[in-house]
Amino acid sequence: MADEHHQDGGDGGGIRTFPFPVELSVLGVGMQVGPMGTGRTWHSSAPLHRVHRIDFHVVMLFTGGPVRHMIDFAEYEAAAGDLLWIRPGQVHRFSPGHEYRGTALTMQPGFLPRATVEATGLYRYDLPPLLHPDPAQLAGLTASLEQLRREYEDATTLPLSLHTSVLRHSLTAFLLRLAHLAANSAAAREAAGPGDTTFTLFRDAVERGFATNHSVSAYADALGYSRRTLVRAVRAATGETPKAFIDKRVILEAKRLLAHTDLPIGRVGAAVGFPDAANFSKFFHQHTDQTPAAFRADLS
């Protein structure tokens, strides 16, 4: 695999980020597809049982299980017929002792044109990583992925430029099926259902402002809704209160900074809207049952 690199505070103490190994792909194209297993080149040097990051997309279609996999500090259990979609920059960890069986697809950012990226929601981090296709969806995804694999492994029929073009089209066909599944999954269906405009606007506003604004009333005022309307919309879409939704996003960002960087804990707190380090530590402990220092120490 290509040499890993770091995104940290400068002395190499952050979680390692592994880049896409272009030189190990067939003909050096920006994707790989093949069976899972310890011999697969996309993770051959990654510390599978340790928390790490990748700077490319991974989609795993399982033919066995169950397998537990951590993504962005949440545990997901995948069984045969399920898919896991890990996006660039997300923290993840393989479970030791679990046998990963199925097909793994990896994609380098930039391999697909912008229009396809937008149509397939490649960077929709709000969508759930774990997907459960029904039998018809699974059959379509499996056939599409198998066609992509055949095209990927056929390095002789076409010149490289045409081979790459065919791969992009085949990959797009698979990702459109995958995006449709993600958009219609249980969690996404709630977030995209009728009357969801209020929640969507709130979600987007939180994504832009969580680092400085933790106030439900402030978001309601900015969006032109009453607090009660916002509470109803967020609870209908997520089952949570707006405050819990905001806090969850703040905690995720704090965990990422604690894991990925060597920033002092006080600066991590300031980066997510807590100028006072003691208040940040108290908030973090209330939501995780750990202090920020203990959380960081557990990753070392």
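Predicted model, so just to flag it, every value in this text is computed and none were measured.

## Looking at unusual backbone geometry
- Cis geometry marks the peptide bond from G65 to P66; its omega dihedral reads 5°.
- Checked against the element boundaries, P66 lands in the loop between β5 (57-62) and β6 (67-71).
- Of note in this structure, L27 is not a glycine but carries a positive phi near 60°.
- Tracing the backbone shows L27 in the loop between β2 (16-18) and β3 (31-35).

## Digging into the environment of H52
- Following the sequence through the fold, H52 ends up in strand β4 (residues 52-54).
- Along the backbone, H52 and R93 are 41 residues apart, and their C-alpha atoms lie at a distance of 6.4 Å.

## Quick word on the packing of aromatic side chains
- One pass over the structure, following the stated rule, counts 10 aromatic pairs.
- Aromatic side chains F274 and F280 sit 6.0 Å apart centroid to centroid with 50° between the ring planes, which places their arrangement in the tilted category.
- The class of F280 is buried, set by a relative accessible area of 0%.
- Ring geometry for F280 versus F284: centroids 5.9 Å apart, planes at 55°, classification tilted.

## Some remarks on the sheet that holds strand β11 (residues 130-131)
- Overall, antiparallel pairing links the 5 strands, which are arranged β3-β10-β5-β8-β11 in an open sheet. Sheet topology places β3 and β11 at the edges, where each strand pairs with a single neighbour.
- In this sheet, strand β8 (residues 83-86) lies alongside β5 in antiparallel orientation, the contact comprising 4 bridges. By the bridge assignment for β8, M60 is matched with L84.
- Strands in contact with helix α2 (residues 135-153) are β3, β5, β8 and β10 (102-107); relative to β3, the strand with the most contacts, it is inclined by about 115°.

## Things to note about the pairing of β5
- Where burial is concerned, most of β5 is hidden: 6 out of the 6 residues are buried.
- The alternating pattern of β5 places H57, V59 and L61 on one face and V58, M60 and F62 on the opposite face, and all of these are buried.
- Of the strand pairs in this sheet, β5 and β10 are connected by 6 bridges, and their pairing is antiparallel. Bridge pairing links V58 to T106 in β10.

## What to know about the side chain of H214
- Within the fold, H214 resides in the loop between α5 (197-209) and α6 (216-223).
- Within the local environment of H214, its side chain forms a polar contact with the backbone oxygen of V272, the two atoms lying 2.9 Å apart.
- Setting aside residues up to four positions removed in sequence, H214 forms contacts with K243, I246, V250, V272, G273 and F274.

The rules behind each value
- Residues numbered from 1 in each chain as written.
- Predicted model: local features only at pLDDT ≥ 70, side-chain atom pairs only at ≥ 80, totals over all residues.
- Heavy atoms only, no water.
- Helix = DSSP H or I, 4+ residues; strand = E, 2+ residues; numbered from the N terminus.
- Phe/Tyr/Trp six-rings, centres within 6.5 Å; stacked < 30°, edge-to-face > 60°.
- Buried < 20%, exposed > 50% of the residue type's maximum accessible area, 1.4 Å probe, protein only.
- Pairing = 2+ DSSP bridges.
- Contact = heavy atoms within 4.5 Å.
- Axes fitted to C-alpha atoms, helices over the stretch in contact; angles between N-to-C directions.
- Polar contact = N/O pair within 3.5 Å; in protein donor to acceptor, adjacent residues only side chain to side chain.

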